[in-house]
Amino acid sequence: FGLFLLVILVINIVRVIKKVVQAGSVLYCITDKHILIASGKEQKVKTVMKRNIRKKKIIGSVADREYNVQTVKLVIEDEEEHVLIESVENGDKVLGLV
């Protein structure tokens, strides 16, 4: 049981470190028809059409609460992976723009 808890703790710590490292290298741009997400050193750009968004909500994690930020989760039509707009200070306003 202790080993299981240790594995869960390590996984959560890695997630927090990944968010902190990526926070400065992700750019979100919301227009009237699209959401653009540029990330990484190569600045890979993902484009989401607003009309394809089927569900949107604010989710929170322990790290989000600790840093007083929020994550907006978007469920996109015909895509298996969800789009996350992470580490935003005004999640309600972002949700309204989406």
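Anything mentioned here points back to the structure above.
The shown structure was predicted, so the numbers you read here are calculated from the model rather than taken from an experiment.

Engineer: Help me understand the overall build of the chain in this model?
Structural biologist: Counting its secondary structure elements, the chain contains three helices and six strands. In sequence order, the chain lays out its α and β elements as α-β-β-β-β-α-β-β-α. Judged by the C-alpha coordinates and their principal axes, the chain covers about 50 × 30 × 25 Å. Per-residue burial over the chain gives 19% buried out of 98 residues. Carbon and sulfur atoms make up 58% of the accessible area of the chain, which totals about 7400 Å². If the 16 positive side-chain charges of the chain are averaged to one point and the 12 negative ones to another, these points end up 2 Å apart.

Engineer: What is the right way to read the sheet that holds strand 5 (residues 70–76) from this model?
Structural biologist: Paired through their backbone hydrogen bonds, the strands of a sheet run either parallel or antiparallel. Ordered in space as 4-5-6, the three strands form an open sheet in which the pairing is antiparallel. Each edge of the open sheet is held by one strand with a lone partner, namely strand 4 (53–59) and strand 6 (83–88). The sheet shows a mean angle of 15° between the axes of neighbouring strands, taken without regard to direction. Bridge analysis of strand 5 against strand 6 gives four bridges, and the strand direction is antiparallel.

Engineer: What is the right way to look at the pattern of salt bridges in this model?
Structural biologist: Pairing is possible between side chains that carry opposite charge, provided their charged atoms lie close to one another. Considering all chains together, one arrives at two salt bridges under this definition. The salt bridge involving Glu79 is made with Lys46; its shortest N-O contact spans 3.3 Å. Highlighted residues: Glu79 in the loop between strand 5 and strand 6 and Lys46 in strand 3 (residues 44–49), separated in sequence by 33 residues. Of the charged contacts, one joins Glu77 and Arg54 as a salt bridge, the two residues approaching to 2.1 Å between their closest N and O atoms.

How each quantity is defined
Residue numbers run consecutively from 1 along every chain, following the written order of its sequence. In keeping with the model being predicted, local features are shown solely for residues with a pLDDT of at least 70 and side-chain atom pairs are shown and tallied solely at 80 or more, while totals for entire chains, interfaces and linings include all residues. To get the side-chain values, take all heavy atoms of the structure and skip hydrogens and water. In this description a helix means any DSSP run of H or I spanning at least four residues, a strand means any run of E spanning at least two, and both kinds are numbered starting from the N terminus. Per-residue accessibility, obtained with a 1.4 Å probe over protein chains only, is compared with the maximum for each type, and a residue is labelled buried under 20%, exposed over 50%, and partly exposed between these values. In these tables, accessible area is a Shrake-Rupley quantity obtained with a 1.4 Å probe, and a residue counts as shielded only by the protein chains included in the view. Charge counting treats Lys and Arg as positive and Asp and Glu as negative, with His and both chain ends excluded. Here the site of a charge means NZ on Lys, CZ on Arg, CG on Asp, or CD on Glu. In this analysis, strands are considered paired if DSSP registers two or more bridges between them. Note on method: axes are straight lines fitted to C-alpha atoms, helices fitted across the in-contact stretch only, with angles between N-to-C directions ranging 0 to 180 degrees. The term salt bridge refers to a pairing of a side-chain nitrogen on Lys or Arg with a carboxyl oxygen on Asp or Glu at a separation within 4 Å.

Nothing here speaks to function; it is all geometry.
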